[in-house]
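Descriptive analysis of the structure
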Amino acid sequence: MAMQREVGVGDFVLMDKLDLESFMRNLELRFKNGRIYTYIGEVCVSVNPYRTMNIYDQNYVEQYKGRELFENPPHIFAIADASHKVMKQQGRDTCIVISGESGSGKTEASKIIMKYIAAVTNQDSFRNPSGQKEIERVKNVLIQSNSILEAYGNAKTNRNDNSSRFGKYMDIHFDFKGDPIGGHISKYLLEKSRVIHQQPGERNFHCFYQLLGGAGDDVLKRLNLTRNPDHYFFVKQGNAHKVDTINDRNDYRDVVSSLNTLQFNKDDQDLLWRVVAAILHLGNVEFDIDEEKLILKKSKAVDCVADLLKVEKRDLETALCERVIAARGDIMRKEHTEVEAAFGRDAFAKAVYDRLFGWIVDKINAAIAVDANNYSKNYKSSLIGVLDIYGFEIFENNSFEQFCINYCNEKLQQLFIELVLKQEQEEYNREGIAWTNIEYFNNQVICDLVEAPHQGIISIMDDACKMTAEKVTDEMLLEALDKKLKGHKHYMSRQTKPSEKNLKHKIEFRVTHYAGDVTYSILGFLDKNKDTLFQDFKRLLYNSKDANLKAMWPEGAQHISEITKRPPTAGTLFKNSMQALVQNLQNKEPHYVRCIKPNEIKSASAFDEERVRHQVSYLGLVENVRVRRAGFAYRQRYDRFLKRYKMISQFTWPNFRSGSDKDGVRVIMDENNFADDVKYGKTKIFIRSPKTLFALENARNALIPGIVTLIQKTWRGYVAREQYKRMRALMVMIKVYRQKKAREYINALERKFARAGSMRDYGKSISWPAPPLSMRESTKTLRKIYNRWRAQKILERIPRSEWPQMKLKITAASVLINKRPEYGVNRKWEGNYLSTHMENNNYTVFNEAVNNLKNTKHFGNVLFSSYVTKFNKFNKVAERVMLVTDQAVFKLDCEKFRNMKEGVAIGELTGLSVSPGHDQLIVLHCPGSNDLVVSLHCLKQEDRIGECVGVICDRYFQIRKAELPVKVSKTISCSLGGKQKLINIQVSAAEEKATFKKDGNNVAYVLPSNFSIVENGNNHIKQ
Ligand SMILES: Nc1ncnc2c1ncn2[C@@H]1O[C@H](COP(=O)(O)OP(=O)(O)OP(=O)(O)O)[C@@H](O)[C@H]1O
Ligand SMILES: [Mg+2]
């Protein structure tokens, strides 16, 4: 929802120039731009828009919820919220007094307030669902009760199509959380004369037309009604039963639905409509005189009434035609005159309706009464009172009812004056600020004119009613008024002021009300004040077979002869109720909504200057602004003021730290040179001229965009920091989690390997648990560590001197194991076999020759030596010595042990090939075109292939840091003279010793007969 642009001045207090004209200009400007609400300080002036305004939806509720008045454009929501806030925060009872003339929008305002309160309460219902149900029910009843009360208490008048014809004050009780828990409705003086009479253009109460227009045919049949209102005298006099703005059919449906919600049971609802129907029939009862005797015409109507009210027809007829008088112990029957009978009928109709209305209000109250079981007696609930009472009205013909209504408005205006002035004055006193009085019209004098004991109009009326000796007439009452009130500034009649020619002699009197002159017709005043209902009717209804109806008339139980005390008059009852109401309101913190009617034609655009000016004048709105501005246009608590304007000064922005809030406010005002225009109260600052406030507002507005950017920046920073923190926290959590997992894994390993040291295989057979994801890499290291440890354990048992040999054996094993069954692992590997006499008789020659070689070829030491049979590229077999040194492999002759050729550097070798059998064939694959193809032999006939492979591979690894490829295969291929040849292994009895032969293009490796070839297995097995 876009924030509405402000039009004119939102608070009249802030107007630069204040007089009625500028007030009017501002009000009109705002009205024409759809701004129907404007403040006077904390009073809300509301102009009836006469159109549906799109300003009450949930978005608006959110905008105003919990905010201060000045934070948002003026709205009635803000008043409702302020009232709710005071009540909730300070536990103080508050009230919202809605005033204004008929049709100005009071009832609508009260409904808007109720809906707002319903919308902002019970928001944390999810925490207490059972409580929520009750609160929702209460809210529902409070809201739904409106349609019932309006059906029975509102009517179309010439001022308003939905005019409240009763005063309504509703207390809403709240629990400590500020949620509504119940309520109570008080009603004031229902205009019951409307039941029997309507002025031209007006209607009876809505319910009559709703029943005729909305009820089903079956219902109407049961009630003996026809649909046409023109058939019933009590609803046709105004000749206005069709109203454009009213849909009686739909309203009937709404009322029935609300009755169901409010738990009016079937009998209750039946009664409601039966009474309405009975009154319609009653209006058609007529009397006639036949031979000087009063007779009833239209006896069918009487039948219907008796039937509907569940009374005996005969009793009803009697009650309509005569009355019982008890005098000095005798009981007499006195027949009515025709006029008396008609008066009795009308009084009966009015009384039945009035009691029914009272009963409806009682039933609603029962439905919303605060449940004593739920809320302990010790607990004090707070409440908000909402007053929506009939507005000041002037009709063509003003009678007793208008007199009461206008008196009520005088009382409320008086209350307004008192409270607004009192509050103001008190505030200045409290704050220690000097204050000068403002002139305003105090209407106390009019209140006195009506209500003063002995001298007031009500009292004079009562006196007249008490006179029984002679027949008192309305004319005599007017005379009494004239006599007592002659000379009163606000009272006149033709008698007291003969020059007022338009006042009817002996009929009219005029009261100058605060809101204007009203001329009242005295006719009917006495009767209406006495409010007589013959006892006979009370007895009649007390004897009704309808229990509800009977209960409405308890006084009917009195015996005929019982002398009853004269009941208080209607005027006195009303006066008392008004005084009680005012007292009640005085004890609450008031909030005001002042409603203004912009025109008489219900137009959404017309702004009738004269009408509005009149209302603004009599409501004293300009005076209200003046009082408010008396000396000071604006005041605010220091803390709030500082909060709102602290950005204006560098000393107070972002926070003022060098003193109290008051000091902070002073800093702002001094810095901006406003010091002359303000006074400092104890808790509030008072600003004299609106200009200052404007200047402050403007300065603030100029800074707001920058602050918005700052807030956005800060906010974004905050969001980013929060996200960063969350991420970090996440990382920590992940880390901790991983650590925990790792610890668990390590612990599991510890447990598993606890006894590995004492196991035979040092835990080799133990299966490792699956590592957590984060430990996969480290597990490789752990395994390495374990393997080292295990190797260590194994090696511990082997003397250190054997470790080099061990290493060689492991190297050999790693390439030969499972490929070659025999590779001499169980034997001690001597290496340089030819250097001792054990295998070489010429070992000294050998050693010397090797030493010489060492000097020329620069190797370190000899790793392995053996006699070999060699096969070359010329298919020649030769006996040689193979000498493996740490650098190269040499071939030596067998006598002098001289080097035959350049040796082959170990690092240059490209691979080794051996067979999977027991033979001693080994091929050293060399880089050039000739491999070294030899068969080892020794006297001991032991396997030296393993040792030879181990020595060469180990050395190769040391030199090249890589594994030398070793192939174990029964067909070995070799390169001799640049040709690839296969070495086929054969056995021949002719040979005593392994040797080579040319075998076509290949080579035959011929073994002596102590070998045999086994196909599908190792190719040659030593026998
Ligand atoms: N805020 C509003 N939005 C739209 N229409 C409104 C608003 N206020 C009043 N009206 C219109 O004005 C009509 C009269 O208003 P309402 O009945 O509240 O007057 P009232 O002051 O209660 O009069 P009375 O004293 O006769 O009861 C309503 O029926 C409605 O059509
Ligand atoms: Mg109303």
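- The name an unreviewed UniProt entry gives the protein chain is Myosin ID, with Exocentrus adspersus as the organism.
- On record in UniProt, under Subcellular location (unreviewed entry), the comment for the protein chain is "Cell membrane".
- The record held by UniProt for the protein chain lists under Sequence similarities (unreviewed entry) the comment "Belongs to the TRAFAC class myosin-kinesin ATPase superfamily. Myosin family."

**Some thoughts on the overall build of the protein chain**
- Of regular secondary structure, the protein chain possesses 30 helices and 33 strands.
- With the principal axes as the frame, the protein chain shows a C-alpha extent of 180 × 80 × 50 Å.
- Scored against the burial criterion, the 1023 residues of the protein chain give a buried share of 52%.
- Pairs at least 24 residues apart make up 64% of the contacts formed inside the protein chain by residues separated by at least 6 positions.
- Split by element, the accessible area of the protein chain, about 49900 Å² in all, is 50% carbon and sulfur.
- Between the averaged position of the 156 positive side-chain charges in the protein chain and that of its 125 negative side-chain charges there is a distance of 12 Å.

**Details of the side chain of Ser-99**
- Tracing the backbone shows Ser-99 in strand E3 (residues 94-99).
- Judged by its relative accessible area of 6%, Ser-99 falls in the buried class.
- Here Arg-594 takes part through its side chain, which lies 2.8 Å from a polar atom of the side chain of Ser-99.
- Ignoring sequence-local partners within four residues, the contact set of Ser-99 consists of Lys-106, Val-593, Arg-594 and Cys-595.

**Comments concerning the sheet that holds strand E22 (residues 888-892)**
- The mixed open sheet is built from eight strands, whose spatial order is E23-E22-E21-E20-E26-E25-E24-E27. Strands with a single pairing partner mark the edges of an open sheet, and in this sheet they are strand E23 (904-905) and strand E27 (966-968).
- Here strand E24 (residues 911-914) pairs with E27 via three bridges, running parallel. Bridged to Val-914 within E27 is Val-968.

**Describing the coordination of the magnesium ion (ligand 2)**
- The protein atoms that coordinate the magnesium ion (ligand 2) are Thr-107 (OG1) and Ser-164 (OG), at distances of 1.9 to 2.1 Å. Pair noted here: Thr-107 is in helix H4 (residues 106-120) and Ser-164 is in strand E5 (residues 163-164), with a separation of 57 residues, a long-range link. Per residue, the accessibility class of Thr-107 equals that of Ser-164, and both read buried.

**Examining unusual backbone geometry**
- Cis rather than trans, the peptide bond between Trp-653 and Pro-654 has omega equal to 0°.
- Positionally, Pro-654 belongs in the loop between helix H24 (638-645) and helix H25 (661-671).
- For Asn-239, which is not a glycine, the phi torsion comes out positive at approximately 55°.
- Relative to the helices and strands, Asn-239 resides in the loop between helix H8 (233-236) and helix H9 (248-261).

**Observations regarding the UniProt feature "domain: TH1" (unreviewed entry) in the protein chain**
- Under the local residue numbering, the UniProt record ascribes the feature "domain: TH1" (unreviewed entry) to residues 818-1009.
- The annotated region residues 818-1009 carries 16% helix and 36% strand content, and the separation between its end C-alpha atoms amounts to 25 Å.

**Re the side chain of Arg-510**
- With respect to the element layout, Arg-510 can be found in strand E14 (residues 508-513).
- Looking at Arg-510, its side chain comes within polar contact range of the side chain of Thr-519, at 3.2 Å.
- Sequence-distant contacts of Arg-510, that is, excluding residues within four places in its chain, are made with His-490, Tyr-491, Met-492, Glu-500, Asn-502, Leu-503, Asp-517, Val-518 and Thr-519.

**Thoughts on the site of ligand 1**
- What surrounds ligand 1 is a group of 19 residues, the closest being Ser-102, Lys-106, Thr-107, Ser-163 and Ser-164.
- Lys-106 is positioned such that a nitrogen or oxygen atom in its side chain is 2.7 Å from an oxygen atom of ligand 1.
- In isolation ligand 1 exposes 630 Å². Once the protein is present, 86% of that is buried.
- Listing elements by their share of the shell around ligand 1, those giving two or more residues are H4 and E5.
- Ranked by the residues each element gives to the shell around ligand 1, the list is headed by H4, at four residues.
- Looking at side-chain class alone, the shell around ligand 1 contains four nonpolar, 11 polar and four charged residues.

**So, a negative patch on the surface**
- Taken together, the side chains of Asp-288, Asp-290, Glu-291, Glu-292 and Glu-338 define an acidic patch exposed on the protein surface.
- If you trace the backbone, Glu-292 turns up in the loop between strand E8 (286-290) and strand E9 (293-297).
- A relative accessible area of 76% means that Glu-292 is categorised as exposed.

**Description of the packing of aromatic side chains**
- If you walk through the whole model with that rule in mind, you get 41 aromatic pairs.
- Between Tyr-428 and Phe-686 the ring centres are 5.6 Å apart and the planes differ by 40°, which places this aromatic pair in the tilted class. Of this pair, Tyr-428 sits in helix H14 (residues 400-431) while Phe-686 sits in strand E19 (residues 684-687), and the two are 258 residues apart along the sequence. Across this residue pair, the class does not change: Tyr-428 and Phe-686 are buried.
- Through pairs of rings, three or more aromatic residues link up here, namely Tyr-152, Phe-205, Phe-208, Tyr-252, Trp-273 and Tyr-353.
- Just above the ring of Phe-416 sits the side chain of Arg-594; from NZ or CZ to the centre is 3.7 Å.

**Side note on the nonpolar core**
- Residues Tyr-152, Phe-208, Leu-211, Phe-348 and Ile-360 are the most contacted members of the largest nonpolar core, which totals 113 residues.
- Sorting elements by how many residues they give to this core places helix H13 (residues 338-368) first, with 15 residues.

**Looking at helix H29 (residues 843-857)**
- The terminal C-alpha atoms of H29, which comprises 15 residues, lie 20 Å apart, in line with the 21 Å expected from a rise of 1.5 Å per residue.
- Taken as a whole, H29 has its buried residues at Phe-846, Ala-849, Val-850 and Leu-853. Looking straight down H29, one finds its buried side chains confined to an arc of 100°; they lie on one side. Projecting away from the buried face of H29 at angles above 90 degrees are the exposed residues Glu-848 and Asn-855.
- After H29 finishes, the residue His-858 shows a positive phi value of roughly 55°.

**Digging into the pattern of salt bridges**
- Summed over all chains, the structure comprises 59 salt bridges.
- Here Arg-333 ties to Glu-322 by a salt bridge, and the two come within 2.7 Å at their closest N and O atoms. Of this pair, Arg-333 sits in strand E11 (residues 330-335) while Glu-322 sits in strand E10 (residues 322-327), and the two are 11 residues apart along the sequence.
- Relative accessible area serves as the criterion here: at 57%, Arg-333 is assigned to the exposed category.
- Across the pair Glu-340 and Lys-334 runs a salt bridge, and its minimum N-O distance is 3.9 Å.
- The exposure class assigned to Glu-340 is partly exposed, which follows from its relative accessible area of 23%.

Here is what the cut-offs are and how they apply
Residues numbered from 1 in each chain as written. Chains lettered and ligands numbered in written order. Predicted model: local features only at pLDDT ≥ 70, side-chain atom pairs only at ≥ 80, totals over all residues. Heavy atoms only, no water. UniProt positions renumbered as here; feature names shortened; annotations may be inferred. Helix = DSSP H or I, 4+ residues; strand = E, 2+ residues; numbered from the N terminus. Buried < 20%, exposed > 50% of the residue type's maximum accessible area, 1.4 Å probe, protein only. Contact = heavy atoms within 4.5 Å. Areas by Shrake-Rupley, 256 points an atom, 1.4 Å probe, with all protein chains shown as cover. Lys, Arg positive; Asp, Glu negative; His and termini not counted. Charge placed at Lys NZ, Arg CZ, Asp CG, Glu CD. Polar contact = N/O pair within 3.5 Å; in protein donor to acceptor, adjacent residues only side chain to side chain. Pairing = 2+ DSSP bridges. Donors = N, O, S within 2.8 Å, 3.2 Å for Na, K, Ca; no water. Near = heavy atom within 4 Å. Nonpolar A, V, L, I, M, F, W, Y, C, P; charged D, E, K, R; others polar. Patch = residues over 30% accessible without salt bridge, like charges linked within 9 Å, V, L, I, M, F, W, Y side chains within 5 Å. Salt bridge = Lys/Arg side-chain N within 4 Å of Asp/Glu carboxyl O. Phe/Tyr/Trp six-rings, centres within 6.5 Å; stacked < 30°, edge-to-face > 60°. Lys NZ or Arg CZ within 6 Å of the ring centre and 35° of its normal. Core = buried A, V, L, I, M, F, W, Y, C linked by side-chain atoms within 4.5 Å. Expected span 1.5 Å × (residues − 1). Arc of directions from axis to C-beta.

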